[in-house]
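# Observations on the three-dimensional arrangement
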Amino acid sequence: MDGNDGGVDLVIVDKRGERMAVQAKCYADHNMVPVQTVRELVAAKWNHNCILTLLVTTSDLTGPAKKEAEQFRVEYWHGGVVEEKLLRWGKWQPNRGRLKKA
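Residues numbered from 1 in each chain as written. Predicted model: local features only at pLDDT ≥ 70, side-chain atom pairs only at ≥ 80, totals over all residues. Heavy atoms only, no water.

What follows deals with the overall build of the protein. Looking only at helices and strands, the protein has three helices and six strands in total. Its helices and strands in sequence order give the protein the pattern β-β-α-β-α-β-α-β-β, from N to C terminus. Looking at the protein residue by residue over its 102 residues, the buried ones come to 30%. Counting only contacts in the protein whose residues sit at least 6 apart along the sequence, the fraction spanning at least 24 positions is 49%. Surface accessibility of the protein: about 6800 Å² in total, with carbon and sulfur atoms responsible for 53%. (Helix = DSSP H or I, 4+ residues; strand = E, 2+ residues; numbered from the N terminus. Buried < 20%, exposed > 50% of the residue type's maximum accessible area, 1.4 Å probe, protein only. Contact = heavy atoms within 4.5 Å. Areas by Shrake-Rupley, 256 points an atom, 1.4 Å probe, with all protein chains shown as cover.)

The following block contains the structure:
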């Protein structure tokens, strides 16, 4: 697994008590997330008693990683999705490239 986090950076618990394991990867655009990362997240969700998984990356997943994510129902947000969500939430200004204080 990845370092000391056991392959999970964050566990989100919703109002119904359902748990989501989240792994974040900050990679350069040309450095895509490998299939091994998806496999580690799938295994780690059980260790953290989660039923859902989300992989967030600043780049994208390799072809095999996308296939594995779809097979094991790992939701993933690549750089474009993250940028869109931040813009929609009004927390990011593209010309500055950092979060605004709320």
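In contact at an axis separation of 7 Å, helix α1 (residues 35–47) and helix α2 (residues 63–71) are set at 25 degrees when each is read in the N-to-C sense. On the basis of their axis angle, the class for α1 and α2 is roughly parallel. For the pair α1 and α2, contact is made by V35, V38 and R39 and by P64, A65, E68 and A69, respectively. Counted by class, the contact of α1 with α2 contains five nonpolar, no polar and two charged residues. (Axes fitted to C-alpha atoms, helices over the stretch in contact; angles between N-to-C directions. Parallel < 35°, antiparallel > 145°, perpendicular 65-115°, else oblique. Nonpolar A, V, L, I, M, F, W, Y, C, P; charged D, E, K, R; others polar.)

The next thing to look at is unusual backbone geometry. Although it is not a glycine, N49 adopts a positive phi angle of roughly 55 degrees. Within the secondary structure, N49 sits in the loop between α1 and β3 (52–57). We classify N49 as exposed; its relative accessible area is 61%. At R73, a residue that is not glycine, the phi angle is positive and equals roughly 55 degrees. By relative accessible area, R73 is classed as exposed at 75%.

Between side chains of opposite charge, a pair can form as their charged atoms come close. For the structure on display, the rule yields five salt bridges. Across the salt bridge formed by D14 and R16, the nearest N and O atoms sit 3.0 Å from each other. Here R39 ties to E68 by a salt bridge, and the two come within 3.0 Å at their closest N and O atoms. A residue pair is termed long-range when its members are at least 10 positions apart, and R39 in helix α1 and E68 in helix α2 qualify at 29 residues. Via salt bridges that share partners, D14, R16 and E18 belong to a single interconnected network. (Salt bridge = Lys/Arg side-chain N within 4 Å of Asp/Glu carboxyl O.)

In this section: the confidence of the model for the protein. With 82% of its residues at a pLDDT of 70 or more, the protein shows a mean pLDDT of 85. Predicted confidence in the protein is weakest over strand β6 (residues 98–99), with a mean pLDDT of 54, and strongest over α2, with 96. (pLDDT = per-residue confidence, 0-100.)

Right, let's talk about the pairing of strand β1 (residues 10–13) for a bit. For β1 and strand β2 (residues 19–25), the ladder comprises four bridges, and the chain directions are antiparallel. Across the sheet, residue V13 finds its bridge partner in β2, namely R19. (Pairing = 2+ DSSP bridges.)

This brings us to the environment of V82. Among the secondary structure elements, V82 is positioned in helix α3 (residues 79–89). On a C-alpha basis, the gap between V82 and T57 in space is 7.9 Å, while along the polypeptide they are 25 residues apart.

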